[in-house]
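Structural overview
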Amino acid sequence: MTPAISIGLGGIAGWRVLQRTEARQIEITAKDAMIQRATGYFRENLTASTTAEDLVGDYRMLQVALGAHGLDGDLANKAFIRKVLESDLGDRSSLVNRLGDKRYLKLAQQFQTRDKAATREDMTQAYIQQQFQKRVGQSDESYRLALNARNELQTFATRASSDRTMWFEVLGNKPLRRVFEGAFGFSPSMGGLSVDRQVEEFTKASERVLGSSSFAKLGTAETVDKLITRFLALSQAQTNTGSNRYSAALSLLTR
């Protein structure tokens, strides 16, 4: 079990503290002996000759590759991951291009690049960042989701894809979707609507709450902060409401 990173505060106040201490906490995470062993092994063993079969057959390398993209839950799905890694990136009908969660596409793109030195560095840095987020999440899951959303939206802002395409990606990316749902006050039942209707509802809510549905605007520091602070404020309010209801029920039971 990796050591949790506890801020000591909740809600927006804790988020501000986390922002101020983040660089130092990531540095500490990177120096952790377990993480250094994992990233060191990955750097030494991922080469230009490494095949998809090689990667899925090496648990230690696969752990870093998947962990770098927040896909740790797929460690046992070796056949599926191999198909992802071997997918034809240029074929719109290939498996990886049909998956709604574009983290798999990013994984395949990085693995298939010829510049393995860049891949090793990008994946190890992303793995460290994900491990930091995981440790934060052990103390407060809402902060892990907030960190992930901030990082994802910063990359969205630099992309040439259409806003509609990226909204579809938000819907398919569970951690990122949870932040938008929380900030917009959407219930899980939203997932029962057609995908086109969901995109419509998300874009309308984004215009209303954030002032824009364009990712060029949503990726700016100001708008990301607005999204995250609203998400955290509403999450804390729901937690407090739940606690108050529990306390009230407990007081009735003990009378």
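Residues numbered from 1 in each chain as written. Predicted model: local features only at pLDDT ≥ 70, side-chain atom pairs only at ≥ 80, totals over all residues. Heavy atoms only, no water.

If you tally the helices and strands in the chain, you get 14 helices and 0 strands. When the helices and strands of the chain are read in sequence order from the N terminus, they spell out α-α-α-α-α-α-α-α-α-α-α-α-α-α. Scaling as 2.2 N^0.38, a compact globule of 255 residues should have a C-alpha radius of gyration of about 18 Å, and the chain matches this with 20 Å. Considering only C-alpha atoms, the chain reaches an extent of 65 × 45 × 35 Å along its principal axes. (Helix = DSSP H or I, 4+ residues; strand = E, 2+ residues; numbered from the N terminus. Rg over C-alpha atoms; globule rule 2.2 N^0.38 Å.)

With that settled, consider the side chain of Asp58. Relative to the helices and strands, Asp58 resides in the loop between α3 (52-57) and α4 (59-67). In this structure, Asp58 is buried with no salt-bridge partner, the nearest side chain bearing the opposite charge being Arg60 at 5.9 Å. In this structure the side chain of Asp58 is engaged in a polar contact, spanning 2.7 Å, whose partner is the side chain of Tyr41. (Buried < 20%, exposed > 50% of the residue type's maximum accessible area, 1.4 Å probe, protein only. Lys, Arg positive; Asp, Glu negative; His and termini not counted. Salt bridge = Lys/Arg side-chain N within 4 Å of Asp/Glu carboxyl O. Polar contact = N/O pair within 3.5 Å; in protein donor to acceptor, adjacent residues only side chain to side chain.)

Considering all chains together, one arrives at 18 salt bridges under this definition. Measuring nitrogen to oxygen at the nearest pair gives 2.7 Å for the salt bridge that ties Arg16 to Asp225. Of the two residues, Arg16 is situated in helix α1 (residues 11-30) and Asp225 in helix α14 (residues 221-253); the sequence distance between them amounts to 209 residues. Since its relative accessible area comes to 28%, Arg16 is described here as partly exposed. Asp225 sits in the partly exposed class, given a relative accessible area of 26%. Between Glu121 and Arg43 there is a salt bridge, with its nearest N and O atoms 3.7 Å apart. In this pair, Glu121 is assigned in helix α8 (residues 116-139) and Arg43 in helix α2 (residues 33-45), connecting sequence segments 78 residues apart. By relative accessible area, Glu121 is classed as partly exposed at 37%. In the salt-bridge network here, residues are joined through shared partners; they are Arg24, Glu27 and Lys31.

A few words now on the confidence of the model for the chain. Mean pLDDT over the chain: 90, with 93% of residues reaching 70 or higher. Within the model, the stretch residues 245-255 combines pLDDT values under 50 with 0 contacts to residues more than four positions away or in other chains. (pLDDT = per-residue confidence, 0-100. Contact = heavy atoms within 4.5 Å.)

A word on the packing of α2 against α8. Between α2 and α8, whose axes approach to 10 Å, the crossing angle comes to 160°. Relative to α8, α2 is oriented roughly antiparallel. Once α2 is placed against α8, the crossing between them reads as right-handed. Along the contact surface, α2 presents Met34, Ile35, Ala38, Thr39, Phe42 and Arg43, while α8 presents Arg120, Glu121, Met123, Thr124, Gln125, Tyr127, Ile128, Gln131 and Arg135. (Axes fitted to C-alpha atoms, helices over the stretch in contact; angles between N-to-C directions. Parallel < 35°, antiparallel > 145°, perpendicular 65-115°, else oblique. Left-handed = near helix turned anticlockwise from the far one by under 90°.)

Counting across every chain of the model gives 10 aromatic pairs. Relative to Phe215, the ring of Phe156 lies with its centre 5.3 Å away and its plane at 55°, an arrangement referred to as tilted. Here Phe156 is found in helix α9 (residues 141-156), whereas its partner Phe215 is found in helix α13 (residues 215-218), with 59 residues between them in sequence. Under the relative-accessibility criterion, Phe156 is labelled buried at 3%. The buried category is assigned to Phe215, whose relative accessible area is 0%. Measuring from centroid to centroid gives 5.7 Å for Phe180 and Phe184, while their planes differ by 55°, and the two rings are tilted. Here Phe180 pairs with Phe184, and both are found in helix α11 (residues 174-184), just 4 residues apart, close to one helical turn. Owing to a relative accessible area of 0%, Phe180 belongs among the buried residues under this scheme. (Phe/Tyr/Trp six-rings, centres within 6.5 Å; stacked < 30°, edge-to-face > 60°.)

Take Thr29: it is sitting in helix α1. Classification of Thr29 by relative accessible area gives buried; the value is 1%.

Further remarks concern empty space enclosed by the protein. Under the criterion given, the structure shown has 1 cavity of 30 Å³ or more. Taken as a whole, the largest cavity encloses approximately 30 Å³ of empty space. What lines the largest cavity is simply Lys102, Arg103, Lys106, Glu152, Phe156, Glu169 and Asn173. Those elements giving two or more residues to the lining of the largest cavity turn out to be α7 (103-112) and α9. (1 Å grid on protein atoms, 1.4 Å probe; cavity = no way out; pocket = protein on both sides within 12 Å on 5 of 7 lines; lining within 4 Å. Points joined across faces, edges and corners; volume = space filled by probe spheres on them.)

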